[in-house]
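Listed below, chain by chain, are the residues.
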Amino acid sequence: WYYDAVSYVYEHGLMTGTSDTAFAPDANLTRAMMATVLWAMEGSPVVNYAMTYTDVSGGAWYAEAVRWATSEGVVSGVGDNRFDPDAPITREQMAVMLYAYARTQGYGASGRADLSRYADAAAIGSWAETALEWAVAEGLISGTSDTTLSPQGQATRAQVATILRNFHQSFGSD
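Remember, it's a predicted structure, so these values are computed and weren't measured experimentally.

Draft legend 1. Geometry of helix 6 (residues 157-171). Between its terminal C-alpha atoms helix 6 stretches 20 Å, which fits the 21 Å expected from 15 residues at 1.5 Å a residue. The element helix 6 is largely enclosed, with a buried count of 13 among its 15 residues.

What follows is the structure, encoded as structure tokens:
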């Protein structure tokens, strides 16, 4: 189900594999990986911004991505001056990052879907509700079934590839 999306994100430079020969579609995407994907979509800019995250080393492979994303308001920490870069990203965290990125780019970020059709809508964090309403309205994110959105579920690389393809086709350019 994810083959076309993985091919698309790879061909458009939105995501790479976990090695030269593997994509690992069922592996969870981490918070650092998501920041890196958005940073790459922006052209990998270098910014002069002092991060205060105690768990993001300046030499980490994702440090510049997190620095940029934080400076732009695309990402924020999880509290106590931590970013939690290696934590698997939840579907609602991913939606919030994508929504924040869309807003910084001036993309239409005003669509709202009624999420009450999902049995697990009450599990959506209040801080993520607007972002998920937008992502569903834009056709970027769909449920993990007809009746579940799985907002607290961990996002796999295949799911993120599908969402990024949808995002790029709606808002990006070739």
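Having seen the structure, we can now continue with the description.
Draft legend 2. Structural view of the environment of Tyr3. On the secondary structure map, Tyr3 appears in helix 1 (residues 3-11). Assessed through its relative accessible area of 62%, Tyr3 is described here as exposed. Once the C-alpha coordinates of Tyr3 and Thr162 are considered, the two residues, 159 residues apart in sequence, prove to be 9.1 Å apart.

Draft legend 3. Quick look at the pattern of salt bridges. A complete count under the given rule lists 3 salt bridges for this structure. Arg82 serves as the salt-bridge partner of Asp84, at 3.7 Å between the closest nitrogen and oxygen. On the basis of relative accessibility, which here comes to 32%, the residue Arg82 falls in the partly exposed class. In this structure, Glu133 engages Arg112 in a salt bridge whose closest nitrogen and oxygen atoms are separated by 3.9 Å. Taken together, the residues span a long stretch of sequence, with Glu133 in helix 5 (residues 129-137) and Arg112 in the loop between helix 4 (91-104) and helix 5 at a distance of 21 residues. Taking relative accessible area as the criterion, Glu133 reaches 17% and is therefore assigned buried.

Draft legend 4. Up close: the packing of aromatic side chains. Throughout the structure, instances matching the rule amount to 10 aromatic pairs. Every member of this aromatic cluster is reached through a ring pair, and the members are Trp68, Tyr99, Tyr101, Tyr107, Trp134, Phe167 and Phe171. Stacked on the ring of Phe83, the Lys or Arg Arg31 has its end atom at 4.4 Å from the ring centre. Here the basic side chain of Arg157 rests over the ring of Phe23, its NZ or CZ set 4.4 Å away from the ring centre.

Cut-offs used in this document
- Residues numbered from 1 in each chain as written.
- Predicted model: local features only at pLDDT ≥ 70, side-chain atom pairs only at ≥ 80, totals over all residues.
- Heavy atoms only, no water.
- Helix = DSSP H or I, 4+ residues; strand = E, 2+ residues; numbered from the N terminus.
- Expected span 1.5 Å × (residues − 1).
- Buried < 20%, exposed > 50% of the residue type's maximum accessible area, 1.4 Å probe, protein only.
- Salt bridge = Lys/Arg side-chain N within 4 Å of Asp/Glu carboxyl O.
- Phe/Tyr/Trp six-rings, centres within 6.5 Å; stacked < 30°, edge-to-face > 60°.
- Lys NZ or Arg CZ within 6 Å of the ring centre and 35° of its normal.

By themselves, these observations are geometric and do not establish any function.
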